[in-house]
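Observations on the model geometry
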Amino acid sequence: MRSGYFFGCAFSGGALYAAGSPRLYAFDLDVLGAVDPEGVRYNSVAAADGYVYAMGYYQYDKLYVEKRTADLTPVASATYIEDEWYLAEAYGVAVDPSTGRVWAATTTATTRGR
């Protein structure tokens, strides 16, 4: 098991979801589950309407957002900022429960000299 630390957490349906490096966890009094996809580093998590939304990095240079069921089964995922000329920071993910829209707080910067 790789060592790591937690960045964010969310509570839903009696479970606590924690985003960390390198895993996404689901807890009640015990660990309900953990996922550790190759190349993904999590740093934010939100829970709404029975789903878990996690955000972080894929392969260190792409912003990564995913949707999972309460037992951490994958539903959908997407990567953003796949241009090697950009640096991206992932800060947080949230879900609007009235619309289901997923919001991600990020910053980006270009490495192109000007």
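In what follows, the structure referred to is the one given above.
For the structure given in this document, a descriptive report is provided here. (Residues numbered from 1 in each chain as written. Predicted model: local features only at pLDDT ≥ 70, side-chain atom pairs only at ≥ 80, totals over all residues. Heavy atoms only, no water.)

1. Here we look at the side chain of arginine 68
In this structure, arginine 68 sits in strand S7 (residues 62-69). Here arginine 68 falls in the buried class, since its relative accessible area comes to 6%. Of the polar contacts made by the side chain of arginine 68, one reaches the side chain of glutamate 66; its length is 2.6 Å. Within polar-contact distance, the side chain of arginine 68 engages the backbone oxygen of leucine 72 at 2.5 Å. Residues contacting arginine 68, with those up to four places away along its chain left out, are Leu24, Val35, Pro37, Tyr42, Tyr51, Val52, Thr73, Pro74 and Val75. (Helix = DSSP H or I, 4+ residues; strand = E, 2+ residues; numbered from the N terminus. Buried < 20%, exposed > 50% of the residue type's maximum accessible area, 1.4 Å probe, protein only. Polar contact = N/O pair within 3.5 Å; in protein donor to acceptor, adjacent residues only side chain to side chain. Contact = heavy atoms within 4.5 Å.)

2. Section: the packing of aromatic side chains
Tallying each qualifying case throughout the model produces two aromatic pairs. With centroids separated by 5.5 Å and ring planes inclined at 15°, the aromatic side chains of tyrosine 25 and phenylalanine 27 adopt a geometry described as stacked. We classify phenylalanine 27 as buried; its relative accessible area is 19%. (Phe/Tyr/Trp six-rings, centres within 6.5 Å; stacked < 30°, edge-to-face > 60°.)

3. Thoughts on the sheet that holds S7
Read across the sheet, four strands follow the order S5-S6-S7-S8 without closing on themselves; strand pairing throughout is antiparallel. Either end of the sheet is taken by a strand with one partner, and the two such strands are strand S5 (40-48) and strand S8 (74-80). Pairs of neighbouring strands in the sheet enclose a mean axial angle of 20°, with direction left out of account. Here S7 runs beside S8; their pairing, made up of six bridges, is antiparallel. Bridge assignment links tyrosine 64 to a residue of S8, and that residue is threonine 79. (Pairing = 2+ DSSP bridges. Axes fitted to C-alpha atoms, helices over the stretch in contact; angles between N-to-C directions.)

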